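Chain residues, written in single-letter form:
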Amino acid sequence: MTQATTDTAALAAWPDEPMRQQALQYLATRRSRWPLQEPGPDDAALAQIFALGACAPDHAGLYPWRFQYVRGAQREVLLERVMAHPDAQSPEVQEMRSKFARKLTTAPVVMVLAIRVAEHPKVPEFEQFLSCGAAVMNMLNAAHCLGFQGFWSTAPAPLDALLRSVMGFEAQDRMVGILNFGTAAQPPSSPLRRVEPEAFARAWDGA
């Protein structure tokens, strides 16, 4: 079966209008949550999350995103490897252990995000960054649809460089944060607020 045939079949099976509206309304309830606890996505759920990530706009099929994740005991292993790295032996970095631990061991699934920019005559660097961001957003939406919560944050220096080295990313990979998945540990502390569309989108009137 070709990809086109698969896509056509998927469209034919797409739910009716009321269910589409329900899906949109549910996606509109997504929000970042922290801290996160068990349960987190299992292998099957992660496969679905990654499949949605791969649906991001990707000019020339470069898939510039590069992700690695840890779960369970591997989170502590990663933390210990980071703290034992030669570049982490200064007192200033060792004092950041608790901060690094919150980043790397709190959520059930901890995903380290990087972008691998490729030289391409038709795909500028900024477009590849946008593609990576779209993949991450797709994964956040997928996790939300599966009943989990997500939190995307930066990896503060020098954690970003340490993770690049410890996890074996390529030297040219640029670290773009840490994506956490799990279940919210507590109810939201504030109402969900969104900017009104009029603040960022308008019809051009030709003037």
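Residues numbered from 1 in each chain as written. Predicted model: local features only at pLDDT ≥ 70, side-chain atom pairs only at ≥ 80, totals over all residues. Heavy atoms only, no water.

Looking at an unreviewed UniProt entry, one finds the protein named Putative NAD(P)H nitroreductase, with Allofranklinella schreckenbergeri as its source organism. Heading Sequence similarities (unreviewed entry) of the UniProt record for the protein holds this comment: "Belongs to the nitroreductase family." (UniProt positions renumbered as here; feature names shortened; annotations may be inferred.)

A.B. asks: I would appreciate a short explanation of the nonpolar core in the present structure.
C.D. replies: Here is a general trend for soluble globular proteins: nonpolar side chains tend to be buried in one another's company. Within the largest apolar cluster, 23 residues are counted, with the highest numbers of intra-cluster contacts made by L78, V82, F100, L104, L159, L163 and I178. Every element with two or more residues in this core is listed here: α4 (74-84), α6 (97-105), β3 (109-115), α8 (159-166) and β5 (174-184). If you tally residues by element for this core, the top one is α4, at four residues. (Core = buried A, V, L, I, M, F, W, Y, C linked by side-chain atoms within 4.5 Å. Buried < 20%, exposed > 50% of the residue type's maximum accessible area, 1.4 Å probe, protein only. Helix = DSSP H or I, 4+ residues; strand = E, 2+ residues; numbered from the N terminus.)

A.B. asks: Explain the pattern of salt bridges here, please?
C.D. replies: For side chains of opposite charge, pairing can occur when their charged atoms come near one another. Considering all chains together, one arrives at four salt bridges under this definition. For the salt bridge of R116 with D173, the shortest nitrogen-to-oxygen distance reads 2.6 Å. Residue R116 is found in the loop between β3 and α7 (125-145), and its partner D173 is found in the loop between α8 and β5; the two are separated by 57 residues along the sequence. Residue R116 is classed as partly exposed on the basis of its relative accessible area of 24%. (Salt bridge = Lys/Arg side-chain N within 4 Å of Asp/Glu carboxyl O.)

A.B. asks: In this structure, what is going on with the UniProt feature "domain: Nitroreductase" (unreviewed entry) in the protein? I would like to understand it.
C.D. replies: What UniProt calls "domain: Nitroreductase" (unreviewed entry) maps, in this numbering, to residues 29-182. Secondary structure content for residues 29-182 is 42% helix and 19% strand, while the C-alpha to C-alpha distance between its ends is 16 Å.

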